[in-house]
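The lines below spell out each chain.
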Amino acid sequence: MTKQSELQKVYDRALEVAGLTRAYGKFHVLKNISWNVDEGAWWGIIGPNGSGKSTLLHLLSGVDQPTSGSVHIYGKKVGSYSRKELSQLVAVLQQEGIPPVGYTVREVIEMGRFPHQDWLGREKGVDVEAITDRVLARLSLTSLADRTLDRLSGGQRQRVALAKVMVQEPQVLLLDEPTTYLDLRYQLEFMELLAEWRQETGVTIIAVLHDLNLAAQFCDNLLVLKDGMVEGLGTSSDLLTEDRIRRVYGVEPVMLPHPDSGVPQLLLRRSAASTADQ
Ligand SMILES: Nc1ncnc2c1ncn2[C@@H]1O[C@H](COP(=O)(O)OP(=O)(O)OP(=O)(O)O)[C@@H](O)[C@H]1O
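Fair warning: this is a prediction, and the values are worked out from it, not measured in the lab.

*Asks:* Whenever I open this one, helix α7 (residues 184-201) confuses me. Can you help?
*Replies:* Counting along an α-helix, one turn takes 3.6 residues, and residues three or four places apart therefore face a common direction. Between its first and last C-alpha, α7 extends 26 Å over 18 residues, near the 26 Å set by a 1.5 Å rise per residue. Those residues of α7 not exposed but buried are F190, M191 and L194. Taken around the axis of α7, the buried residues stretch over an arc of 90°, which confines them to a single face. Facing away from the buried side of α7, by more than 90 degrees, are the exposed residues L184, R185, E192, E196, Q199 and E200. The inward-facing, buried residues of α7 abut α6 (154-168), β8 (204-208) and α8 (212-218). Two residues or fewer after α7 comes G202, characterised by a positive phi angle close to 80°.

In structure tokens, the structure reads:
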């Protein structure tokens, strides 16, 4: 990180999740999740619709509280951080990034510094304009700096959301299906930008991803959720097997090694009935 915190020097575990359960009434959405995330790692959370991925992310970010079990971030229970402390440490990027509000790109990106500022919007020794200019240039947003968000495409808005998070300089970044609304080129570009940023800063990334091929190419490790339980923890090569995909997603896959890296990539077989029709 550009700014190494005292916490980081003591803990090389960014997150520790122990016996985490979340129930709504009698319905247990997450059941006894235990999982550790080393500092600087990039984890993907994968699993079918309704398996509990977003719920898990909400518990990690502290916006929701567990029914039992705990989440520690850098050795301290997530609920015991103040809001400000937590937002200095953890950033969250949602599926739709930022809604198309009437603020300009520059204004929105500068808001990324709020967690570090006092109530008058001041921050000692930090030139917010210069940081923002750097990030604007880095994400090819300079020419759009004075445009309001309601006049950007979805892909551009997602880049602004990433820029805001970069300016925030968190130590942990949580992403919930960040590439859902992006076309192929922007999906890849978004993931590459994250990869570069992690390389430079050592930020820990936890991303809910539906695209298993992207997950296999970018994440060091995967957590597979099924029916609110951990179905597997490990590398894509260990976890993305035909048998597991069939069991977890109920589809008939073909797994092939990526020709560049060898990581597993997925093709789907149509059901026997539909191919027989042709
Ligand atoms: N506030 C709530 N009250 C009751 N049930 C809820 C609530 N929030 C989520 N659930 C249920 O918890 C389960 C897990 O939801 P969650 O959104 O975490 O799944 P997900 O894996 O992120 O799904 P998706 O891939 O569709 O986004 C679902 O069955 C959902 O209906």
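*Asks:* Honestly, the packing of helix α5 (residues 128-138) against α6 in this entry has me stumped. Any pointers?
*Replies:* Working note: a packed helix pair is described by the angle between its axes plus the distance between those axes. Across the interface, α5 lies against α6 with an axial gap of 10 Å and an inter-helix angle of 140°. Considering their axes alone, α5 and α6 lie oblique with respect to each other. For α5 against α6, the interelement crossing comes out right-handed. Of α6, the residues touching α5 (which contributes I131, T132, V135 and L136) are A163, M166 and V167.

*Asks:* Explanation requested: unusual backbone geometry in the structure shown.
*Replies:* Apart from glycine, the bulk of residues carry a negative phi angle, and the bulk of peptide bonds sit in the trans form. Even without glycine at this site, N32 takes up a positive phi of about 55°. Residue position: N32 is located in strand β2 (residues 27-38). If you check the backbone angles, E177 has positive phi at about 45° while not being a glycine. Topologically, E177 is positioned in the loop between β7 (172-176) and α7. Note on E177: 19 C-beta atoms within 10 Å, which makes it partly exposed.

*Asks:* Can you walk me through the pairing of strand β9 (residues 221-226) in this structure?
*Replies:* Along any regular strand the residues' side chains alternate between the sheet's two faces. Bridge count between strand β3 (residues 42-46) and β9: four bridges; the pairing is parallel. Residue pairing in the sheet places I45 in a bridge with L223 of β9.

*Asks:* Which parts of the structure should I look at to understand the nonpolar core?
*Replies:* Generally speaking, soluble globular proteins have nonpolar side chains that are buried together. Counting residues in each nonpolar core, the largest one holds 66 residues, and the members touching the most others are I73, V160, A163 and L173. Among the elements that make up this core, the one with the highest residue count is α6 (seven residues). Contact partners of A163, with chain neighbours within four places excluded, come to I109, V135, L136, L139 and L141.

*Asks:* Before we go on, may I ask you to explain the sheet that holds strand β5 (residues 76-77) in this structure?
*Replies:* Strand pairing in a sheet is mediated by backbone hydrogen bonds. Such pairs are either parallel or antiparallel. The sheet built from four strands is open, its strands ordered β2-β1-β4-β5 with antiparallel pairing. Only two strands of the sheet have a single neighbouring strand rather than two, namely β2 and β5.

*Asks:* How should I be thinking about the environment of Y24 in this particular structure?
*Replies:* Along the polypeptide, Y24 turns up in strand β1 (residues 13-24). A residue is classified by how many C-beta atoms lie within 10 Å of it, and Y24, with 9 of them, is exposed. For the pair Y24 and P253, spaced 229 residues apart in sequence, the C-alpha to C-alpha distance is 33 Å.

*Asks:* Looking at this structure, how should I read helix α2 (residues 53-61)?
*Replies:* Counting buried positions along α2 gives seven out of nine residues, so the element sits mostly inside the fold. Within α2 the residues assigned to the buried category are K53, T55, L56, L57, L59, L60 and S61. Positive phi shows up at G62, right after α2, with a value of about 85°.

*Asks:* For this particular structure, what's the right way to read the site of the ligand?
*Replies:* All residues adjacent to the ligand are Y24, V29, G47, N49, G50, S51, G52, K53, S54 and T55. Among the elements that take part in the shell around the ligand, α2 stands out by supplying three residues, more than any other. Class assignment for the residues of the shell around the ligand results in two nonpolar, seven polar and one charged.

Cut-offs applied
Residues numbered from 1 in each chain as written. Predicted model: local features only at pLDDT ≥ 70, side-chain atom pairs only at ≥ 80, totals over all residues. Helix = DSSP H or I, 4+ residues; strand = E, 2+ residues; numbered from the N terminus. Expected span 1.5 Å × (residues − 1). Buried ≥ 20, exposed ≤ 12 C-beta atoms within 10 Å, placed from the backbone. Arc of directions from axis to C-beta. Contact = placed C-beta atoms within 7 Å. Axes fitted to C-alpha atoms, helices over the stretch in contact; angles between N-to-C directions. Parallel < 35°, antiparallel > 145°, perpendicular 65-115°, else oblique. Left-handed = near helix turned anticlockwise from the far one by under 90°. Pairing = 2+ DSSP bridges. Core = buried A, V, L, I, M, F, W, Y, C linked by C-beta atoms within 7 Å. Near = placed C-beta within 6 Å. Nonpolar A, V, L, I, M, F, W, Y, C, P; charged D, E, K, R; others polar.

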